Amino acid sequence: TNEGSGNVSVINVAGNSVITTIPVGTQPFGVAVTLGGTRAYVANFASNTVSVIDTATNTVEASLGAGSGPVEVAIANVP
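Residues numbered from 1 in each chain as written. Predicted model: local features only at pLDDT ≥ 70, side-chain atom pairs only at ≥ 80, totals over all residues. Heavy atoms only, no water.

**Side note on the layout of surface pockets**
Phase 1: A volume near 200 Å³ is recorded for the largest pocket.
Phase 2: Looking at the largest pocket, it is lined by 13 residues, and the ones nearest its centre are Val8, Ser9, Val10, Val31 and Ala40.
Phase 3: Broken down by secondary-structure element, the contributors of at least two residues to the lining of the largest pocket are strand 1 (7-12), strand 3 (28-33) and strand 4 (39-44).
Phase 4: Counting residues per element, the lining of the largest pocket draws most heavily on strand 1, which supplies four residues. (1 Å grid on protein atoms, 1.4 Å probe; cavity = no way out; pocket = protein on both sides within 12 Å on 5 of 7 lines; lining within 4 Å. Points joined across faces, edges and corners; volume = space filled by probe spheres on them. Helix = DSSP H or I, 4+ residues; strand = E, 2+ residues; numbered from the N terminus.)

As structure tokens, then:
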């Protein structure tokens, strides 16, 4: 996450380069990715939201209310 910029960067780890930057909420902090890698969830501390990112399109598909000052997210992969 880029906490001061209100966005997250998608990184190509093979080439160690930024593919794109996605605007999310204010002060993004924690990130969790689903087991299949299709969604990323970003906790946005100052906007009290969690952004849901579609990793196929690198776009925010939803913004969920998350209470006061979320900093971390976790995903339970339940059958």
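**A closer look at the environment of Gly25**
Phase 1: Within the secondary structure, Gly25 sits in the loop between strand 2 (17-23) and strand 3.
Phase 2: Through-space distance from the C-alpha of Gly25 to that of Ala46 is 7.7 Å; in sequence the pair is 21 residues apart.
Phase 3: Those residues in contact with Gly25 that lie beyond four places of it in its chain are Gly6, Asn44, Ser47, Thr49 and Ser51. (Contact = heavy atoms within 4.5 Å.)

**Thoughts on unusual backbone geometry**
Across residues other than glycine, the phi torsion is negative in most instances, and most of the peptide bonds are trans.
Phase 1: Backbone geometry places Asn16, a non-glycine residue, at a positive phi of 50°.
Phase 2: One can find Asn16 in the loop between strand 1 and strand 2.
Phase 3: With relative accessibility at 68%, the residue Asn16 sits in the exposed group.
Phase 4: The phi angle at Asn58 is positive, at roughly 55°, despite the residue not being glycine.
Phase 5: Tracing the chain through its elements places Asn58 in the loop between strand 5 (49-54) and strand 6 (59-65). (Buried < 20%, exposed > 50% of the residue type's maximum accessible area, 1.4 Å probe, protein only.)

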